[in-house]
Amino acid sequence: MRSESAPAAAMAMPVTSSRSWLRTTVIALTAFLTLVDLFAMQAILPSLIRHYGASPGAMGIAVNASTIGMALSSLATSYLSASIDRRRGITISLVLLAIPTALLAGAPDLATFTGLRVLQGVFMATAFTLMLAHLGEHYSASDAAAAFAAYIAGNVASNFAGRLLSASLADRFGLPTTFYVFAVLNLAGAALVHATVRRAPPMAASTAPAGGALRLHLADPQLRASFAIGFLILFAFIGLFTYVNLVLAAPPLALGMMEIGFVYFVFAPSVATTLLAGGLASRLGTRRGLLASLGVALAGLPLLVLPSLAAVLCGLVLFAIGTFAAQAIATGHVGRTAQRERGAASGLYLASYFLGGLVGSVVLGQAFQHFGWGASVLAIGLALCAAAGLAATLGRDAGTQEHRQDA
């Protein structure tokens, strides 16, 4: 149950209609600075392969090893969530995140690089999980969908700007400078959270043991389906945006590192469309909103196997719009469906989500290495179809009913 003063404690600035844009910006910027390290390394995969002399599959696993730490950390944070002060936990996590980020500049071998990426994942996921719990606990039902959409929009922006920044820095200044700049961004995120999130109790005290909260959420079929959808979304997303870089760098497209960085402008439309995902879920409901979003992502896949840069770019735009909207809707659905212990529910969702990214990087890396890009795209399509099948099992939620009553 929320405290009556919780909405006032959500951010440092007053939440009024005239300043809602500022609240949205701060939430999105917090997500951006929390997750900017996660996908940025994918844009410099060809440079990392050359630097460490690794195969595409091995380097892809190393780059995405952060998802191992994120899955484990999300699960641990969900277990301990009720006892962690949100502001302090997020701030400390982002400060600690800067340490492995800076150490990547001097990682001597692939094993060290992989271990540091795992550590990055631990701290990123702790901050991410606690912030999602904070939003679920301190916003009303009517504001929560918009708040979650703003946070996922910041995630989209981190995908876009992080990749562009890493590619441009690596191309101009080299790999060490790239990692140092990202460490500074981590510290900027800690400062932003410290300045804008007021200290507040994480949630009302619960008499249930932490393990009981996890069992409670896993027993809910709506939440189980949502967790599985999250798994499949990142399975597809990481697989596509890790190995498409190698397709872009190879003939017939043969793009340079800086040109690959500019390819990630394909994420720009998703920043705007993800902000609309909360309204889409309110109007259509979770089930139809997810099906529509996943349908858009699937529509982009056939374009990715054509030997045309324009076609590939269009396919990437559609895929990004669809998967980010689906992620925002699924995240919001978890926050609304969990009636208590929302931190535990968010942690379970993110553990499943990041585990999907890890499995996707391994499975799709092997598919790419042994069977080619077409097989990888086919596997991604099957994952999205499975997610759509799960979305079809979700019942009509309260958001749709409330919207119809208001109409």
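Residues numbered from 1 in each chain as written. Predicted model: local features only at pLDDT ≥ 70, side-chain atom pairs only at ≥ 80, totals over all residues. Heavy atoms only, no water.

Take the overall build of the chain next. What the chain contains, in helices and strands, is 18 helices and 0 strands. Residues counted as buried form 57% of the 407 residues belonging to the chain. Taking as baseline every contact in the chain between residues at least 6 positions apart, the subset at least 24 positions apart corresponds to 84%. Approximately 15,000 Å² of the chain is accessible, and the part contributed by carbon and sulfur atoms is 68%. (Helix = DSSP H or I, 4+ residues; strand = E, 2+ residues; numbered from the N terminus. Buried < 20%, exposed > 50% of the residue type's maximum accessible area, 1.4 Å probe, protein only. Contact = heavy atoms within 4.5 Å. Areas by Shrake-Rupley, 256 points an atom, 1.4 Å probe, with all protein chains shown as cover.)

This part is about the nonpolar core. Ranked by size, the top nonpolar core spans 121 residues in total, and within it Met59, Phe113, Leu240, Phe241, Phe319 and Phe354 carry the most contacts. If one sorts the elements of this core by residue count, helix H11 (residues 221-249) sits on top with 18 residues. Apart from residues no more than four positions distant in its own chain, Phe113 is found in contact with Leu48, Tyr52, Met59, Ala62, Val63, Leu104, Ala107 and Phe179. (Core = buried A, V, L, I, M, F, W, Y, C linked by side-chain atoms within 4.5 Å.)

Along the chain, Pro251 connects to Pro252 via a cis peptide bond; the corresponding omega equals 10°. In this structure, Pro252 sits in the loop between H11 and helix H12 (257-263).

Where two aromatic rings form a pair, the distance of their centres and the angle of their planes describe that pair. In total, this model carries 21 aromatic pairs according to the counting rule given. Where Phe237 meets Phe319, the ring centres are 6.4 Å apart and the plane angle is 20°; that geometry is what we call stacked. In this pair, Phe237 sits in helix H11 while Phe319 sits in helix H15 (residues 309-337), placing the two residues 82 residues apart along the sequence. Taking relative accessible area as the criterion, Phe319 reaches 0% and is therefore assigned buried. Between Phe267 and Phe324, the aromatic rings sit 5.8 Å apart at their centres with planes inclined by 70°, giving edge-to-face as the arrangement. In this pair, Phe267 is assigned in the loop between H12 and helix H13 (268-275) and Phe324 in helix H15, connecting sequence segments 57 residues apart. (Phe/Tyr/Trp six-rings, centres within 6.5 Å; stacked < 30°, edge-to-face > 60°.)

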